[in-house]
Structures are given as structure tokens and as C-alpha cells.
Amino acid sequence: NAGVTQTPKFQVLKTGQSMTLQCAQDMNHEYMSWYRQDPGMGLRLIHYSVGAGITDQGEVPNGYNVSRSTTEDFPLRLLSAAPSQTSVYFCASSLSGPAPYGYTFGSGTRLTVV
Amino acid sequence: AQSVTQLGSHVSVSEGALVLLRCNYSSSVPPYLFWYVQYPNQGLQLLLKYTSAATLVKGINGFEAEFKKSETSFHLTKPSAHMSDAAEYFCAVSDRAGTASKLTFGTGTRLQVTL
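Residues numbered from 1 in each chain as written. Chains lettered and ligands numbered in written order. Predicted model: local features only at pLDDT ≥ 70, side-chain atom pairs only at ≥ 80, totals over all residues. Heavy atoms only, no water.

S.K.: Just checking my understanding: could you explain the environment of Pro40(B) for this structure?
M.R.: All names here are of chain B. Looking at the secondary structure, you find Pro 40 in the loop between strand S5 (32–38) and strand S6 (44–50). For Pro 40, a relative accessible area of 58% gives the class exposed. Taking C-alpha positions, Pro 40 is 9.0 Å from Ala 86, a pair spaced 46 residues apart along the chain. (Helix = DSSP H or I, 4+ residues; strand = E, 2+ residues; numbered from the N terminus. Buried < 20%, exposed > 50% of the residue type's maximum accessible area, 1.4 Å probe, protein only.)

S.K.: Which parts of the structure should I look at to understand the environment of Gly16(B)?
M.R.: Residues and elements named next belong to chain B. With respect to the helices and strands, Gly 16 occurs in the loop between strand S2 (10–14) and strand S3 (19–21). Distance from Gly 16 to Pro 30, taken between C-alpha atoms, is 34 Å for residues 14 residues apart in sequence. Excluding anything up to four places from it in sequence, Gly 16 contacts Pro 79, Ser 80 and Ala 81. (Contact = heavy atoms within 4.5 Å.)

S.K.: Quick question: what am I supposed to make of the packing of aromatic side chains here?
M.R.: Each aromatic ring pair is summarised here by two numbers: the centre-to-centre distance and the angle between the ring planes. Counted according to the given criterion, the structure contains 16 aromatic pairs over all chains. A centroid spacing of 5.4 Å and a plane angle of 65 degrees characterise the contact between Tyr103(A) and Phe105(A), whose relative ring orientation is edge-to-face. Phe105(A) matches Tyr103(A) in its accessibility class, with the two residues each being buried. Measuring from centroid to centroid gives 5.5 Å for Phe63(B) and Tyr89(B), while their planes differ by 45 degrees, and the two rings are tilted. You can see Phe63(B) sitting in the loop between strand S7 (56–58) and strand S8 (64–68) and its partner Tyr89(B) sitting in strand S10 (residues 87–94), a full 26 residues away along the chain. This pair shows no difference in class: Phe63(B) is buried, exactly as Tyr89(B) is. The lysine or arginine in question, Arg68(A), covers the ring of Phe74(A), its NZ or CZ lying 6.0 Å from the ring centre. (Phe/Tyr/Trp six-rings, centres within 6.5 Å; stacked < 30°, edge-to-face > 60°. Lys NZ or Arg CZ within 6 Å of the ring centre and 35° of its normal.)

S.K.: How should I be thinking about the pairing of strand S9 (residues 73–78) of chain B in this particular structure?
M.R.: Consecutive residues of a regular strand have side chains that alternate between opposite faces of the sheet. Residue and element names in this part refer to chain B. Of all 6 residues making up S9, 5 are buried, and the element is well covered by its neighbours. Bridge count between S3 and S9: 3 bridges; the pairing is antiparallel. Bridging across to S9, Val 19 finds its partner in Lys 78. (Pairing = 2+ DSSP bridges.)

As C-alpha cells, this is what we get:
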């Protein structure tokens, strides 16, 4: 099925560990982004990419790295996990930008850092 | 700068009653406005969007929203609530289009539907 696939769905990390959240889309969308969702705060943009080889920071980029080597994949790396990074992470893609086309979201990764 | 305010973090309605979820935006230019729905343990799904065409926008599942520039509002309505409408709803705004666009999301309104 066409869409955005995120793995893993759940992850528990210890403080200081690193990991990569995977995101892949098969809709040939140029624009991809990562958000984190925290209770009462809505969704906040971490990083985004307007095409392969091009990435930029969003609202809350500290502690996260991204790269975009292909149109399909946009992994998010946590360099040294901290409890403040406990959150639900969503990857989203769009044809050429969230406006006017809107986003297609993945089903999320629930991350707990202990 | 752009921002979105969703009034009411929780709204409860009876099945069959009118649903009204409020969204007010701030934008220095004509905005692009969106409503997304999130069912439990799922990602967000686009309900409807305003892109400067018709001011009354119809979406999926019987929802609609009206863009009112004078009130800087984009409230979401549905004439008759169904149990399956129970979810969290997010309003979002962008003041640009294409690769320069960034969505700013509201903090969400959780809709509860009771019998």
C-alpha cells in the first residue's frame, strides 16, 4: 500500500544511547519532515527536507540529525538520547510542500528514554 | 509569523449532536489552513484544507469548515456526531506554499462522543 512507513513502532532507550528512526515513502514525494508530538503541545517540526541531498532545521532540532540520500528515505538519528526526547515521533511527506497539498503521515514511533 | 489557537482542549458532544471545534489563526498574509484528525495510536490524517478557493470547504466523513477572514477563524463543524468521530483534531496554518511552506499546528482538541 502506498504511504509512509515508520519503524520501529515502539522503542525504549537508555540515556546516552543512540538510535535511528526509519521513515520511507513510496509516493515519490519530494518533501519530507519529522515531527514530535508531546501532550498539550501539538506537533513540533524537528527537521525537514525539500529533496534528496537537502535538509534543514525546524523548530526543535537539537539532539537530532537527519540526512536524505534518496527520495524515498528520511531517517532521524538521535545522537545521545535524553529523557526529554521521550515522545511520539511522526514522519510526514508531501508532494512539494505541506501547503497546499497537505501531508501524508506515518503511524508514528513511540520512544521512551529512561 | 503564523500561529494557531484551538479553543478547548476537550469537547464532549452527544451522538447526533452538532460538532463545533474552534480554530483561530494569525497570519500576515492570506493563509493556507488545514484540519487533521488523529485516531488513537495512529498518525494524522488530512480532513480538509482551505487554499483560497471556496470559503466553505467540505472534507471527509461529513466534516466541513468555513474560512472567515474578518474573524481570522477556520472552525470545523459536523451536523451530527457519530461515535466513530471520537478522536483528536488539529488545526494547522501555513503562510507560504510549496517548498517554503511550514505548517504550524495547534495544540489539538480531543472530541468525545457520548451515547
